[in-house]
Amino acid sequence: MNRKLLFTLIVAICAMTANAQTTFNDGTFKYELETINTGETVAKVTSWYAIPSGSNITVTVPGYVTYNGTQYRVNEIGVTGLGVNSSSPNTNITAIRVGYGVTRIHNFAFQHLKNLTTLYLPSSIKWMGYDVGYNTNLTYVAFPGENLDAISATTFKNGAATKHCSASTLRLANAMK
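Everything quoted here is computed from the prediction, not taken from an experiment.

Assigned secondary structure in the protein chain consists of one helix and 13 strands. Helices and strands in the protein chain line up, N terminus first, as α-β-β-β-β-β-β-β-β-β-β-β-β-β. For the protein chain, buried positions account for 40% of its 177 residues. Taking all contacts inside the protein chain whose residues are at least 6 apart in sequence as the whole, residues at least 24 apart take part in 53%. With an accessible surface of roughly 9,500 Å², the protein chain has 51% of that area assigned to carbon and sulfur atoms.

Right under this line is the structure:
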């Protein structure tokens, strides 16, 4: 094998290794580790690992999670992170509590959780995408909002006809900076 080909193969393998994501689960959620622009390695919730069963379930997204003996801050809930497929069986999740430390909630994060009525968000949230509660029955969102930098106009859009959540009570204290 010539040197140029060998060098190209080594560079390609290094690039693949550098881009490889570490993923793990805690029995409820799947996570992906990533290094953010501050240099901190954080965990992102990417999806359910196992949707809890039972009735009238309150789920807590932790603010911190431990993997291989190291504790990581849960920085964000990814796009459709805790949402379910519209053809999935209806879940009995009625409330979600997001732990302190989470700063970002992406688009459609809780989509199609049709029994979801209550959402508790921490003051650490800085950014929220659009249609976070798409096709849910959210009626109450508790959110201090004191660190909020950006929120979409359709994050909690009203109107059942458009299948967006119909949050009738949005508690915001010191909402926008």
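This part covers the environment of Ile151. You can see Ile151 is positioned in strand S12 (residues 150-151). According to the relative accessible area criterion, Ile151 is partly exposed, its value standing at 33%. Considered as a pair, Ile151 and Trp127 are 24 residues apart in the sequence and their alpha carbons are 5.7 Å apart.

With five of six residues buried, strand S7 (residues 93-98) is to be regarded as a mostly interior element. Relative to S7, strand S4 (residues 57-61) is paired through five bridges, and the arrangement is parallel. The residue bridging Val59 from the neighbouring strand is Ile96, located in S7. Where S7 meets strand S9 (residues 118-120), three bridges bridge the pair, whose relative direction is parallel. Counted as the bridge partner of Arg97 is Tyr120 from S9.

Core analysis: the largest hydrophobic core is formed by 35 residues, its most contacted members being Ile77, Ile96, Ile105, Phe110 and Leu121. Elements supplying a minimum of two residues to this core: strand S2 (29-35), strand S3 (41-48), S4, strand S6 (70-77), S7 and strand S11 (140-143). When near neighbours in sequence (up to four residues on either side) are disregarded, Ile77 contacts Val45, Val61, Leu82, Val98, Val102, Arg104, Ile105, His106, Ala109 and Phe110.

Once that is clear, we can look at the pairing of strand S5 (residues 64-67). Taken together, the four bridges between S5 and S6 define a ladder with antiparallel strand orientation. Looking at S6, one finds that Val65 is bridged to Tyr72. Counting the residues that bridge the hairpin from S5 to S6 gives two residues, and of these Asn68 lies at a positive phi of roughly 50°.

The rules behind these values
- Residues numbered from 1 in each chain as written.
- Predicted model: local features only at pLDDT ≥ 70, side-chain atom pairs only at ≥ 80, totals over all residues.
- Heavy atoms only, no water.
- Helix = DSSP H or I, 4+ residues; strand = E, 2+ residues; numbered from the N terminus.
- Buried < 20%, exposed > 50% of the residue type's maximum accessible area, 1.4 Å probe, protein only.
- Contact = heavy atoms within 4.5 Å.
- Areas by Shrake-Rupley, 256 points an atom, 1.4 Å probe, with all protein chains shown as cover.
- Pairing = 2+ DSSP bridges.
- Core = buried A, V, L, I, M, F, W, Y, C linked by side-chain atoms within 4.5 Å.

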